[in-house]
Amino acid sequence: MMSTKAFTLVSAVGWDLLAGDKERVHVECVECCGKNLYVGTRDCVVHHFLLEERALPTGTAAFSAAKQLHRHLGFRKPVNELRAASALNRLLVLCDNSITLVNMMSLEPVPSGARIKGAAALALNENPVNGDPFCVEVCIISVKRRTIQLFLVYEDRVQIVREVSTPEQPLAMAVDGDFLCLALTTQYIILNYNTGFSQDLFPYCSEEKRPIVKRIGRQEFLLAGPGGLEQFWAHSTTEQEVQSSHIPTTPKHAHPPALSTSPRQSGMFATVAGISQRAPVHWSENVIGAAICFPYVIALDDEFITVHSMLDQQQKQTLPFKEGHILQDFEGRVIVATSKGVYILVPLPLEKQIQDLLASHRVEEALVLAKGARRNIPKEKFQVMYRRILQQAGFIQFAQLQFLEAKELFRSGQLDVRELISLYPFLLPTSSSFTRSHPPLHEYADLNQLTQGDQDKMAKCKRFLMSYLNEVRSTEVANGYKEDIDTALLKLYAEADHDSLLDLLVTENSCLLTDSAAWLEKHNKYFALGLLYHYNNQDAAAVQLWVNIVNGDIHDSTRSDLYEYVVDFLTYSLDQELVWKYADWVLQKSEEVGVQVFTKRPLDEQQNSFNPDSVITCLKKYPKALVKYLEHLVIDRSLQKEEYHTQLALLYLDEVLRQKSGTSSKAAEASEIQLKLQHLLQKSDLYRVHLLIDRIRGAGLPMESAILHGKLEEHEEALRILVHELRDFAAAEDYCLWRSEGRDPPYRQRLFHTLLAMYLQPGPTAPELAVAATDLLNHHAADFDAARVLPLLPGTWSVQLLHPFLAGAVRNSVHARRTAQVALGLARSENLIYKYDKMKLKGSSVQLSDKKLCQMCQNPFCEPVFVRYPNGGLVHTHCAASRHTNPSPPGPGART
């Protein structure tokens, strides 16, 4: 148990002031009401003192008492109890089993002589049910056995209200509203005197221990219970919430617990419902009195005053105090007395207690005490105080490397995060106007002092700050000082070589350029520095920095693909001047990659900002890049400009010729570029064919020559090259298909007949060509006119050889004949429909007069010649003729 200084004990009335000229005096009871202190003595005297309180610099107080007067009550018995009724200006004095009403100032008995006789003890109802402001409710333990009496006490009279019987003789009591809490001979009970219902609380042996019953608040009491009873309470709280924990009683058929085996006592809390809302506090064996000064329970025994917290039930303070026999609280003022003097327990201010706990690093106790202080402090003041306490507790946990607890306390306390950042040297920007809280929230100058130079602890603290700043930077905690937070976070990331540095810089941030740039440069984070420049719209500085890294002028291994990153950055840069400035650099590093700054740009920029002719001029020094760019224009963007198509074809051709003149080791590459050339020659119709034919003549490129002759409609020459020079019969068939694509069937048929005729020409290669001819016929039977083909075929060819062709020809012929028959039948049907319509029209009469108007020209008919439409409309013959020759004017019908 760790002690807390919650109270100081100061003297209020000493022996000299109390005894006066008497040799002996013995204090029996005390009462305090405001500044008025009353002391009852064994010789039946009531003393009246006036207390003056004087605040001390330490936060406590000192008291001085001025004696007003004293009065002997006329009995030979001691004054047992004193109770002040300030609303009536009356003091109730219990002496010799009689309660006398005296004036609070003069101590004179009331003139009426009103008194309550036969009282062994009394209690005032501080939660009265009567409602009359000019009386007080008083309960007494009657000298009659097992009887409680209730009185209404007025200024000069008393009135008995009720008499209640109890199961056993009551020894002590407290009252709240309709409820009595009674200590009987063997147990405590709650009794509703209005309804008569009673609730047993727990057993108690009055012969061994002195009972204590004290009202501590609305409908709640404090009782002195036996030592082992907290075990019952702990057992009951495992079955239901502490807030609704019933105080256990002995089961009917069970043996009663051996309560006397424990030498200690417990302070038990009980409500009028018979439940305990608080855990018990542990007292010593011989507690003779108890008092409440929230949040503390104070107990008095033969040698000590002990202080327990109601919030966590822990003993907080022990004060030596011998011969004490009175302990009472009066509206927050705790008074303790011996037979020879009266003392006051002065509470230290709660804030001072909390600060003392924090200074001892007792965080949990400080927080519990701070929460418990809420009801005694104005709301706004409490919120300010509590936030500061949470912040202080957070720094204590932080210093002990309890980072999770510290983070939660910082958040709950709404800590200005700069308080935490300021512990770390050089993290706050030089331009920051932050100054630490005063008084300070902690005792540390900086992180070095806190960790005492331990590098491992320092690293843990920095990791925590990184995590915490990253969490709070996007919350309300950062409002007003995001620059300080982001700049500090950047510095931590850079120092720790953390991956999140780049994430911070490529997203929205408030890093201050000057501080951050110097820090990044110090830690050789040049790539990150470039990102910082870019975020601050200094792209030129960013690119130059990255170029220096790629060139090896400065070292930063953050990205191994930095060159590609620069190319990509320039590709999407809107700064044309910057792109042109570094175009040569990226192309010199790699033509194929560097050209992407032009080819991968968004299309609208390519059309508006980077004219293709200007780009081509720039790329003339870089042939590979130029080819890539022209491919982009011709193939990707499909620009229909002869110059680009011709230039690309020439570049392909130059590369093919260069490769053909080189070694055979580049045959595969040559084949790839040659295929690109052939594809371009086939698909494009925009290049200059004659120019290319002249360039490849004699260059040994027969396939390309055949494609170019085909573009000029020189099919016989093209097929001759394919058949006789290349002897590529499949290519010849593909040629016919390619050139006839999108053309009418006769054009396609002419191409295939030309190829067949070439195959059937006599010569030394006739056998090989004959095989090609039969394959051509059998594979493309539909593309030939069988009537023209059959006379051309050699008589030595068997029907079996040409079976696929002949079968296809017959099938096509039959199909054509049947199709023609279907078309003829449909035409005849349509003609029959027309004849039927005509017959119907002729069968109906038409009346014509000079009043009838032509529906087209709106003129009358002058002669009986007209045209009648299916809808019945009549028009002049010349109007009908003009309508058929000029279809634009509207007419009454489509058929005549």
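Now for a look at the structure at hand. Only a predicted model underlies this, so the values are computations on that prediction, with no experimental measurement involved. (Residues numbered from 1 in each chain as written. Predicted model: local features only at pLDDT ≥ 70, side-chain atom pairs only at ≥ 80, totals over all residues. Heavy atoms only, no water.)

Re the state of the cysteines
Evaluated as defined, the whole model comprises zero disulfides. Cys 32 takes part in no disulfide bond, and the closest cysteine sulfur, belonging to Cys 33, lies 7.4 Å away. The buried category is assigned to Cys 32, whose relative accessible area is 8%. (Disulfide = S-S within 2.5 Å. Buried < 20%, exposed > 50% of the residue type's maximum accessible area, 1.4 Å probe, protein only.)

Regarding the sheet that holds strand E13 (residues 158-165)
In spatial order, the strands read E10-E11-E12-E13; together these four strands make up an open sheet with antiparallel pairing. Strand pairing shows two members of the sheet lacking a second neighbour, strand E10 (119-124) and E13, which therefore form its edges. Going from strand to strand, the sheet's axes swing by 25 degrees on average, the running direction of each strand aside. When strand E12 (residues 147-153) meets E13, the two strands line up antiparallel, connected through seven bridges. Within E13, the position partnered with Thr 147 by the bridge is Ser 165. (Pairing = 2+ DSSP bridges. Helix = DSSP H or I, 4+ residues; strand = E, 2+ residues; numbered from the N terminus. Axes fitted to C-alpha atoms, helices over the stretch in contact; angles between N-to-C directions.)

Quick look at the sheet that holds strand E27 (residues 315-320)
Across the sheet, four strands lie side by side as E24-E25-E26-E27; this open sheet has antiparallel pairing. Both outer strands of the open sheet, strand E24 (289-293) and E27, are each paired with one neighbouring strand and no more. Going from strand to strand, the sheet's axes swing by 20 degrees on average, the running direction of each strand aside. Two strands pair when backbone bridges link them, and strand E25 (residues 296-300) and strand E26 (residues 304-309) are joined in this way by five bridges, in the antiparallel orientation.

Overview of the environment of Ala 119
Relative to the elements of secondary structure, Ala 119 occurs in strand E10. When the C-alpha atoms of Ala 119 and Ser 142 are compared, they prove to be 4.8 Å apart, with 23 residues separating the residues in sequence. Residues contacting Ala 119, with those up to four places away along its chain left out, are Leu 94, Asn 97, Ser 98, Ile 99, Ile 140, Ile 141 and Val 143. (Contact = heavy atoms within 4.5 Å.)

Let's talk about the packing of helix H9 (residues 455-472) against helix H10 (residues 482-496)
For the pair H9 and H10, the least separation of the axes is 10 Å and the interaxial angle reads 140 degrees. Taken together, the axes of H9 and H10 are oblique relative to one another. Regarding H9 and H10, the two cross each other, and that crossing is left-handed. Of the residues in H10, those touching H9 at Lys 462, Leu 465, Met 466, Leu 469 and Asn 470 are Ile 485, Ala 488, Leu 489, Leu 492, Tyr 493, Glu 495 and Ala 496. (Parallel < 35°, antiparallel > 145°, perpendicular 65-115°, else oblique. Left-handed = near helix turned anticlockwise from the far one by under 90°.)

Let's talk about unusual backbone geometry
With an omega dihedral of 5 degrees, the bond running from Phe 294 to Pro 295 counts as a cis peptide bond. In this chain, His 438 is followed by Pro 439 through a cis amide linkage whose omega measures 0 degrees. Along the chain, Pro 439 turns up in the loop between helix H7 (417-421) and helix H8 (447-451). Positive phi, close to 50 degrees, is recorded for Gln 414, a residue that is not glycine. Mapped onto the elements, Gln 414 comes out in the loop between helix H6 (403-412) and H7. Its identity is not glycine, yet Ser 638 carries a phi of approximately 55 degrees, on the positive side. Its place among the elements puts Ser 638 in the loop between helix H21 (623-636) and helix H22 (642-661). In this structure Ser 638 comes out as partly exposed when scored by relative accessible area, which is 41%.

Some remarks on helix H3 (residues 350-359)
Buried residues of H3: Leu 350, Gln 353, Ile 354, Leu 357 and Leu 358, and no others. Around the axis of H3, the buried residues are gathered within 135 degrees of arc, so they sit on the same side. Immediately beyond the C-terminal end of H3, within one or two residues, lies His 361, with a positive phi of roughly 65 degrees. (Arc of directions from axis to C-beta.)

A short note on the side chain of Ser 309
Its place among the elements puts Ser 309 in strand E26. Within the structure, the side chain of Ser 309 is placed 3.3 Å from the side chain of Asp 312, a separation counted as a polar contact. For Ser 309, the contacting residues outside a window of four places in its chain are Val 281, Pro 295, Tyr 296, Gln 314 and Lys 316. (Polar contact = N/O pair within 3.5 Å; in protein donor to acceptor, adjacent residues only side chain to side chain.)

Let's talk about helix H27 (residues 729-739)
For H27, a buried count of eight out of 11 residues is recorded, marking the element as mostly surrounded by other parts of the structure. Turning to H27, its buried residues number three or more, namely Phe 729, Ala 731, Ala 732, Glu 733, Tyr 735, Cys 736, Trp 738 and Arg 739.

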